[in-house]
Amino acid sequence: MSEPATLEIISDNISEDEILFPPGDILSDEPPLESDLHRDQIDLLIRILKLWWRDRQDFYASGNLTIYYSPNQKKSEYFRGPDFFVVLGTQKKDRKSWVVWQEDGKYPNVIVEILSSSTTAVDKGLKKQVYQDTFRTPDYFWFDPVTMELEGFHLVDGKYQEIQVTTDGSLWSQQLELYLGVYEGKLRFFTTENELILSSEELAEQERLRAQQAEVRAQQAEKRAQQAEQEIARLREGLRTQGIDLENI
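Taking an unreviewed UniProt entry as the reference, the protein chain is identified by name as Uma2 family endonuclease belonging to Nostoc cf. edaphicum LEGE 07299.

See the structure below:
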């Protein structure tokens, strides 16, 4: 969904400060609705994975962030901006970009591209080739938030092999040890038991519902107790009218 790779020929007379680096945000020429849809999807994947792995310190998850991978260590030479990517075995910290030669040569372990009408051909063609041949990214997925198309590929002997879809339409990521599937029109993560991994908002709503249900149960229990007391009082009164005093028995 982000910009295609670019190779710029830079004159020796141009300083690095004069080089215009590629934008790291969603393409500005996409329709506003499509742009919001893509941004929300990318943000959802990042937030959920960070929450799920909140106790881990050995990964980096981001999206719409430029990856620089020039063999000449030039930021102006080769770069990509995957919509969502995860790097394993690295330090968990904020970054302005992912510079391969400053990250021990590490490339993403997982990449997800969110398809759009303007990027589908690149995502399925050129980018797939780069991720296979240059990045050697083990798991590559693409998802279309409009058509719900979801496909995944795993690197086998240097070539991408299509990941087989499960009976419920999910795809297994060996790198994340999670399933990717569609839930309510969004690409989501699922556990090995096929349980949806909730967002912070969903967890909060789940907790609110639990508290609400607990309150309802408490109110129902209190009502039943009151009804029981009323029934006992009624029975006592009935016995008294018959001249039976329970206290003297």
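Participant: I keep staring at unusual backbone geometry and nothing clicks. Help me out?
Facilitator: Across the chain, the bulk of peptide bonds are trans and the bulk of non-glycine residues have phi less than zero. Its identity as a non-glycine residue notwithstanding, D104 has a phi of 60°, on the positive side. Tracing the chain through its elements places D104 in the loop between β5 (98-99) and β6 (110-114). Its identity is not glycine, yet R136 carries a phi of approximately 55°, on the positive side. Mapped onto the elements, R136 comes out in the loop between α3 (126-135) and β7 (139-143).

Participant: Quick question: what am I supposed to make of the packing of aromatic side chains here?
Facilitator: Working definition: an aromatic ring pair is given by the centre-to-centre distance plus the angle between the planes. On inspection of all chains with the given rule, the structure shows 17 aromatic pairs. On the basis of an interplanar angle of 75° and a centroid distance of 5.1 Å, the ring pair of Y131 and Y140 is categorised as edge-to-face. Comparing Y131 with Y140 shows no difference in burial state: the two are buried. An aromatic cluster of at least three residues, connected via ring pairs, comprises Y69, Y78, Y107, Y131, F135, Y140, W142, F153 and Y160.

Participant: I would appreciate a short explanation of the pattern of salt bridges in the present structure.
Facilitator: Within the structure shown, the criterion is met by eight salt bridges. The salt bridge involving K127 is made with D123; its shortest N-O contact spans 3.6 Å. The exposure class assigned to D123 is buried, which follows from its relative accessible area of 0%. One connected set of salt bridges, linked through shared partners, spans D43, R47 and E201.

Participant: Explanation requested: α3 in the structure shown.
Facilitator: Because each turn of an α-helix spans 3.6 residues, side chains separated by three or four positions in sequence point in the same direction. Those residues of α3 that fall on the buried side of the exposure criterion are K127, V130, Y131, Q132 and F135. Remark: R136 follows α3 within two positions and exhibits a positive phi of approximately 55°.

Participant: I'm lost on the nonpolar core in this one. Help?
Facilitator: One broad rule of soluble globular proteins: the nonpolar side chains tend to lie buried together. In terms of nonpolar packing, the biggest core is built from 26 residues, with L49, F84, V86, V112, L176 and F189 touching the most fellow members. Apart from the residues lying within four places of it in its own chain, the contact partners of V112 are L45, D83, F84, F141, L180 and L187. F85, W98, I111 and L115 belong to the second-largest nonpolar core, a separate cluster that totals 18 residues.

Basis of the calculations
In every chain, residue numbers begin from 1 and rise along the written sequence. Owing to the predicted nature of the model, reporting of local features is limited to residues with pLDDT of at least 70; listing and counting of side-chain atom pairs is limited to 80 or more, with chain, interface and lining totals taken over all residues. Hydrogens and waters are ignored; side-chain quantities use all the structure's heavy atoms. Helix and strand definitions here come from DSSP, where helices need a minimum of 4 consecutive H or I residues and strands a minimum of 2 consecutive E residues; each element is numbered from the N-terminal end. Any pair of Phe, Tyr and Trp rings, taking the six-membered ring for Trp, is counted once the centres come within 6.5 Å. Such a pair is stacked with planes under 30 degrees apart, edge-to-face with planes over 60 apart, and tilted for the rest. Partly exposed residues are those whose accessible area sits between 20% and 50% of the maximum for their type, while under 20% is buried and over 50% is exposed, using a 1.4 Å probe and protein chains only. Note on definitions: salt bridges are taken to be side-chain nitrogens of Lys or Arg within 4 Å of carboxyl oxygens of Asp or Glu. Among buried residues, those of type Ala, Val, Leu, Ile, Met, Phe, Trp, Tyr and Cys that are joined through side-chain atoms within 4.5 Å constitute a nonpolar core. In what follows, residue pairs with any heavy atoms lying within 4.5 Å of each other are defined as contacts.

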